[in-house]
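# Chain and residue survey
Read off the chains here:
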Amino acid sequence: MKDGRFLTLAIESSCDETAAAVVADGRVVLSNVISSQIAIHEAYGGVVPEIASRHHLENVNPVVARALGDAGVTLSDVDLIGVTNGPGLIGALVIGVATAKALALASGKPLVGVNHMYGHVSSNFIQYPELEPPFVCLVVSGGHTDIIEMTDYTSCRVIGSTRDDAAGEAYDKVARVIGLGYPGGPKIDACAKLGDPENVRFKRVWLDKDGFDFSFSGIKTGVLNYVNSERQAGRSVCVEDVAAGFQEAVVEVLVEKAVHAVKSLGRDRLVMAGGVSANSRLREAMAERCRKEGIELFLPDKALCTDNAAMIASAAYYRYRKYGPDDLTLDAFANMPY
Ligand code: KG4
Ligand code: ZN
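Quick look at the structure, then. This is a predicted model, so every value here is computed, not measured. (Residues numbered from 1 in each chain as written. Chains lettered and ligands numbered in written order. Predicted model: local features only at pLDDT ≥ 70, side-chain atom pairs only at ≥ 80, totals over all residues. Heavy atoms only, no water.)

### Considering the state of the cysteines
Convention followed: Cysteine sulfur atoms that pair up within 2.5 Å are treated as a disulfide. Think of it in three bands: with a 1.4 Å probe and only protein chains considered, a residue is buried below 20% of the maximum accessible area for its type, exposed above 50%, and partly exposed in between.
Summed over the entire model, instances satisfying the criterion amount to zero disulfides. Of all cysteine sulfurs, the one in C305 lies closest to C15, which takes part in no disulfide; the gap is 16 Å. Overall, C15 belongs to the partly exposed group, its relative accessible area being 24%. Free of any disulfide, C305 has its nearest neighbouring cysteine sulfur in C137, separated by 10 Å.

### Observations regarding helix α2 (residues 49–71)
Note the following rule: Only DSSP runs of H or I covering at least 4 residues are called helices, and only runs of E covering at least 2 are called strands; the numbering of each starts at the N terminus. Working rule for helices: expected span equals 1.5 Å times residues minus one. Think of it this way: the bend at a residue is just the angle between two axes, each fitted to seven residues, one set ending at that residue and the other starting at it. Residues count as neighbours in contact if any of their non-hydrogen atoms are within 4.5 Å of one another.
In a regular helix each residue adds 1.5 Å, so 23 residues correspond to 33 Å; α2 covers 30 Å between its end C-alpha atoms and thus fits that length. A bend of about 40 degrees at N59 is the largest found in α2, and the proline P62 appears one to four places after it. Inspection of α2 places I51, A52, S53, H56, N59, V60, V63, V64, A67, L68 and A71 among the buried residues, and these make up the whole buried set. Check the buried side of α2 and you find it contacts β1 (7–12), β2 (17–24), β3 (28–36), α1 (38–42) and α3 (90–107). Positive backbone phi, approximately 70 degrees, marks G72, located one or two places after α2.

### Notes on the pattern of salt bridges
For the record, the criterion: Every case where a carboxyl oxygen of Asp or Glu lies within 4 Å of a side-chain nitrogen of Lys or Arg is listed as a salt bridge.
In total, this model carries 18 salt bridges according to the counting rule given. One continuous salt-bridge network, built from bridges that share partners, spans E256, K263, R289 and E293.

### Some details on the pairing of strand β9 (residues 269–273)
Here is the rule: Pairing between strands is defined by DSSP: at least two bridges between the two strands are required. Note on handedness: a clockwise path from strand one over the helix to strand two, with the strands aimed away from the viewer, defines a right-handed crossover.
Along β9, four of the five residues are buried, which leaves the element largely enclosed by surrounding structure. In terms of strand pairing, strand β6 (residues 135–140) meets β9 through four bridges, oriented parallel. Across the sheet, residue L138 finds its bridge partner in β9, namely M272. The pairing of β9 with strand β10 (residues 296–298) spans three bridges and is parallel. Note that in β10 the partner of R269 across the bridge is E296. Taken together, β9, helix α9 (residues 280–293) and β10 form a β-α-β motif whose crossover is right-handed.

### Some words on the side chain of S277
Rule in force here: Residues adjacent in sequence count toward polar contacts only when both atoms are side-chain atoms; beyond that, a polar contact is any pair of N or O atoms within 3.5 Å, and within protein one must be able to donate a hydrogen and the other to accept it.
Tracing the sequence through the fold places S277 in the loop between β9 and α9. What makes S277 buried here is its relative accessible area of 0%. Looking at S277, its side chain comes within polar contact range of the main-chain oxygen of G274, at 2.4 Å. Excluding its chain neighbours within four sequence positions, the residues that come into contact with S277 are V140, M272, L282, R283, L299 and C305.

### Some thoughts on empty space enclosed by the protein
Summary: where empty space remains is shown by rolling a probe the size of a single water molecule over the atoms. Cut-off, in case you're wondering: Here a cavity denotes grid points, spaced 1 Å and computed from the protein atoms alone, that fit a 1.4 Å probe unable to get out, and a pocket denotes an open set having protein on both sides within 12 Å along at least 5 of 7 lines; residues with an atom within 4 Å of a point are the lining. Grid points are joined across faces, edges and corners, and a volume is the space filled by probe spheres set on the points. By the convention adopted, Pro, Cys, Tyr, Trp, Phe, Met, Ile, Leu, Val and Ala count as nonpolar, Lys, Arg, Asp and Glu as charged, and the other residues, Gly among them, as polar.
Tallied over the entire structure, the rule returns one cavity of 30 Å³ or more. If you trace the largest cavity, you find it lined by K203, R204, V205, S215, F216, I219, A249, V250 and V253. By residue class, the composition of the lining of the largest cavity is six nonpolar, one polar and two charged.

### Let's talk about the layout of surface pockets
As a volume, the largest pocket reaches approximately 1200 Å³. C15, S141, G142, G143 and D172 are the residues nearest the centre of the largest pocket, which is lined by 40 residues in total. Among the elements that take part in the lining of the largest pocket, helix α5 (residues 167–177) stands out by supplying six residues, more than any other. Residue composition of the lining of the largest pocket, by class: 14 nonpolar, 18 polar and eight charged. Counted as a void, the second largest pocket has a volume near 170 Å³. Around the second largest pocket, the lining is made up of 16 residues, and of these G113, V114, N115, Y118 and R319 lie nearest the centre.

### As for the coordination of the zinc ion (ligand 2)
Here is the rule: With water excluded from the atoms, a metal site may look incomplete; its donors are any N, O or S atoms within 2.8 Å, or within 3.2 Å for Na, K and Ca. All geometry calls rest on donor angles, where a four-donor set with angles between 85 and 135 degrees is tetrahedral, four- and six-donor sets with opposite donors more than 155 degrees apart and all others between 65 and 115 are square planar and octahedral, and all else is irregular.
Surrounding the zinc ion (ligand 2) are the protein donor atoms H116 (NE2), H120 (NE2) and D307 (OD), which sit 2.0 Å from the metal. Around the zinc ion (ligand 2), the six donor atoms sit at angles spanning 54 to 167 degrees, and that spread fits a shape best called irregular. Summarised as a motif, the one-chain spacing of the donors to the zinc ion (ligand 2) is H-x3-H-x186-D. Here H120 is found in helix α4 (residues 116–127), whereas its partner D307 is found in the loop between α10 (302–305) and α11 (310–323), with 187 residues between them in sequence. In this pair, the class of H120 matches that of D307, namely buried.

### Notes on the site of ligand 1
Operational definition: Put simply, a residue is near a molecule or strand once any heavy atom of it comes within 4 Å of that molecule or strand. Every accessible area reported is derived by Shrake-Rupley at a probe size of 1.4 Å, with residue values counting cover from the shown protein chains alone.
By nearness alone, 18 residues border ligand 1, and H120, G142, D172, D189 and G275 come closest of all. Here an oxygen atom of ligand 1 and a backbone polar atom of G142 are 2.8 Å apart. In the environment of ligand 1, a nitrogen atom lies 3.0 Å from a nitrogen or oxygen atom belonging to the side chain of N279. Within the complex, the protein chains bury 86% of what would otherwise be the 550 Å² of accessible surface of ligand 1.

Okay, structure coming up:
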């Protein structure tokens with residue numbers, strides 16, 4: 001507690017970012033430190049789990065120390081220690097969980113394990129101090145593409161999900177196919193700005209048009225087939241147009257299904273979360289469509305969309321208020337349902 005505020009220190013290490021943050025009263029960011037491993041994994045064209053774990057181990061203590069320092073607090077001021085304990089790369093998760101447990105044991109502070117996906121949703125509680133559940137949320141990340149209805153701060157109902165690849169996974173795979181490399185999402189985002197989506201049109205996969213499930217595994221093959229057939233015919237491939245065409249196909253499906261879900265449920269608000277919601281075309285298209293439909297759109301700043309520990313602190317705060325602390329047997333899980 002400092003200045004009458006409840007302080008949560010959180011750690012996030014589920015993939016390739018080692019992050020720690022201090023958040024007051026579940027909503028106000030006092031510090032948000034991220035040590036990214038992008039430059040390290042870039043050479044391999046994707047995240048190498050073993051290398052990620054080693055770097056988490058090296059970085060986690062300095063990152064936690066900086067988060068406390070930036071917030072101007074010490075561990076004794078902290079009221080709660082939160083940590084992502086799934087889903088994610090198991091070797092990466094255990095570094096964060098072991099660190100959080102050690103800090104909790106040494107300081108006597110309560111410990112709470114957080115589902116990374118509730119963390120993503122909670123980035124909106126930081127961005128919008130007045131936002132409260134229930135609401136419909138489109139969660140689009142590297143491992144998830146779901147439409148959920150948050151029924152309160154700590155639980156949800158899944159309305160629809162991808163049946164195969166997540167949207168972020170499709171971005172990453174297609175980036176590899178067209179030679180843009182890792183990290184695929186931001187690279188396609190930038191490249192697509194220089195292309196024309198009308199020049200290369202890829203099939204939109206609706207599955208059941210009235211349903212809320214997604215499928216993004218086919219589009220990688222679609223892009224691959226297009227690139228191969230153009231090259232075989234002796235034509236040069238405009239990577240910018242392919243990036244733009246691919247992105248438009250993904251964005252159109254995400255926008256239509258999310259808006260359809262909000263309307264079908266009789267709601268008037270849509271929340272977005274996860275790394276792909278940092279995508280500039282998705283943000284623009286969703287904002288435009290929501291404006292037309294009279295839907296209020298909640299969209300965190302780009303830095304809060306991708307992995308960070310402030311969102312984990314917010315989710316930990318609400319989980320602790322509802323369920324109390326976890327004990328020191330807290331484990332990490334590669335797969336963890338909502
Ligand atoms: O939420 P996140 O940081 O980590 C997971 O929980 O998965 O999401 C990472 C995913 C990656 O697939 C990445 O390519 C994608 O989000 N991503 C983007 C953008 N920034 C990150 N996709 C499209 N456009 C972006 N600007
Ligand atoms: Zn994430």
